[in-house]
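Single-letter residue listing:
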Amino acid sequence: LILLHGFAESSAMWQPLLATAAAAGYQAVAFDQRGYSPGARPEGTENYTLTALAGDVQQVASALGFSSFHLVGHGWGALVGWQLALSNADNVDTWTALSMPHAAAFRQARDNDPEQRRRSRYLRFMVLPWLPEQILAFNRFEILRQTQWQGRSERQIAEYAAILGEPGALRAATNWFRAPASALPSQTTPNVPTLLVWGNRDPFLAPATVFGHRALLDSAAQPVRELELDGGHRLLSSHPKLVTGAILKHLQTAAQ
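Keep in mind the model is a prediction, meaning the values are calculated, not measured.

Undergrad: How should I be thinking about the overall build of the chain in this particular structure?
TA: Each helix and strand in the chain was counted, giving 12 helices and six strands. Relative to the 2.2 N^0.38 estimate, which gives 18 Å for 256 residues, the radius of gyration of the chain is 17 Å and therefore close to what a compact globule would have. By the burial criterion, 52% of the 256 residues in the chain qualify as buried. Considering only contacts in the chain between residues 6 or more positions apart, those separated by 24 or more positions represent 74%. Carbon and sulfur atoms make up 52% of the accessible area of the chain, which totals about 11400 Å². Taken together, the 21 basic and 20 acidic charged side chains of the chain have centroids lying 4 Å from each other.

Undergrad: In this structure, what is going on with empty space enclosed by the protein? I would like to understand it.
TA: Once rolled over the atoms, a probe with the size of a water molecule shows which space is left empty. The final tally for this structure, using the stated rule, is one cavity of 30 Å³ or more. Taken together, Leu-84, Ala-85, Asn-88, Ala-89, Val-92, Asn-191 and Val-192 make up the lining of the largest cavity. The residue makeup of the lining of the largest cavity, split by class, is five nonpolar, two polar and no charged.

Undergrad: Would you explain the nonpolar core in this entry?
TA: Buried together is how nonpolar side chains tend to be arranged in soluble globular proteins. Ile-2, Phe-7, Val-57, Phe-69, Leu-71, Trp-149 and Leu-164 are the most contacted members of the largest nonpolar core, which totals 74 residues. Residues contacting Phe-69, with those up to four places away along its chain left out, are Ile-2, Val-57, Gln-58, Ala-61, Leu-84, Asn-91, Val-92, Asp-93 and Thr-94.

Undergrad: Would you explain helix H12 (residues 240-255) in this entry?
TA: Each turn of an α-helix holds 3.6 residues, which means side chains three or four residues apart point in the same direction. Compared with an ideal rise of 1.5 Å per residue, which puts 16 residues at 22 Å, H12 spans 23 Å between its outermost C-alpha atoms and is within 8% of the ideal. Among all positions of H12, only Val-243, Thr-244, Ala-246, Ile-247, Leu-248, His-250 and Leu-251 are buried. The inward-facing, buried residues of H12 contact helix H1 (15-23), strand E3 (69-74), strand E4 (92-98), strand E5 (194-199), strand E6 (224-229) and helix H11 (235-238).

Cut-offs applied
- Residues numbered from 1 in each chain as written.
- Predicted model: local features only at pLDDT ≥ 70, side-chain atom pairs only at ≥ 80, totals over all residues.
- Heavy atoms only, no water.
- Helix = DSSP H or I, 4+ residues; strand = E, 2+ residues; numbered from the N terminus.
- Rg over C-alpha atoms; globule rule 2.2 N^0.38 Å.
- Buried < 20%, exposed > 50% of the residue type's maximum accessible area, 1.4 Å probe, protein only.
- Contact = heavy atoms within 4.5 Å.
- Areas by Shrake-Rupley, 256 points an atom, 1.4 Å probe, with all protein chains shown as cover.
- Lys, Arg positive; Asp, Glu negative; His and termini not counted.
- Charge placed at Lys NZ, Arg CZ, Asp CG, Glu CD.
- 1 Å grid on protein atoms, 1.4 Å probe; cavity = no way out; pocket = protein on both sides within 12 Å on 5 of 7 lines; lining within 4 Å.
- Points joined across faces, edges and corners; volume = space filled by probe spheres on them.
- Nonpolar A, V, L, I, M, F, W, Y, C, P; charged D, E, K, R; others polar.
- Core = buried A, V, L, I, M, F, W, Y, C linked by side-chain atoms within 4.5 Å.
- Expected span 1.5 Å × (residues − 1).

Structure (structure tokens):
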């Protein structure tokens, strides 16, 4: 089981799922993705495309000796997961996306739906040169503490702040947004059982994106599941038992 964190977080976000998955007999691995790890922090926005980030997942799987694996991603980490799931990778057993419907549905709604454009307006800020890093780092990451990290444990916040405080880390993290857009694989539906977990009060997600997700996966050959929760964007933090339970059920059902 390979877990992909999202923006301004790290592998620490997966602690509730790691323990539960291990108890269920899974070998679960969460790693700090490109830019968030001091050993993998190249300069240049071209090094942070979804294609490059998805390639990292395959490299990690190979290094771990995983002949196949279940994949789970959250937020921008889920965009990386969609890139891999839609590439028809034959070593991905199941795919679970948290708070990020089908990547093509997100892009279409972001470009055409007024509400999704409004909820995605932060993207226009994140692609600016140098300014996002200056504002996000101000007063010991105060903005992130009040928004992205709200509700997290003090231990998690301390780890996130320590990582982004390393030389070049915050710039690398924001380069995820600045990177040239990766072309999605031509395949519309993933060739693996797929689960979407989303919150109906997610400030970054408009209903049109979820509707588009359902339309794209309506003809999927593999099972498609969806769990709507009364919550926001960080569902593993706000609904740990419901989210971990849904993921494990998805994995176990696919194996039957």
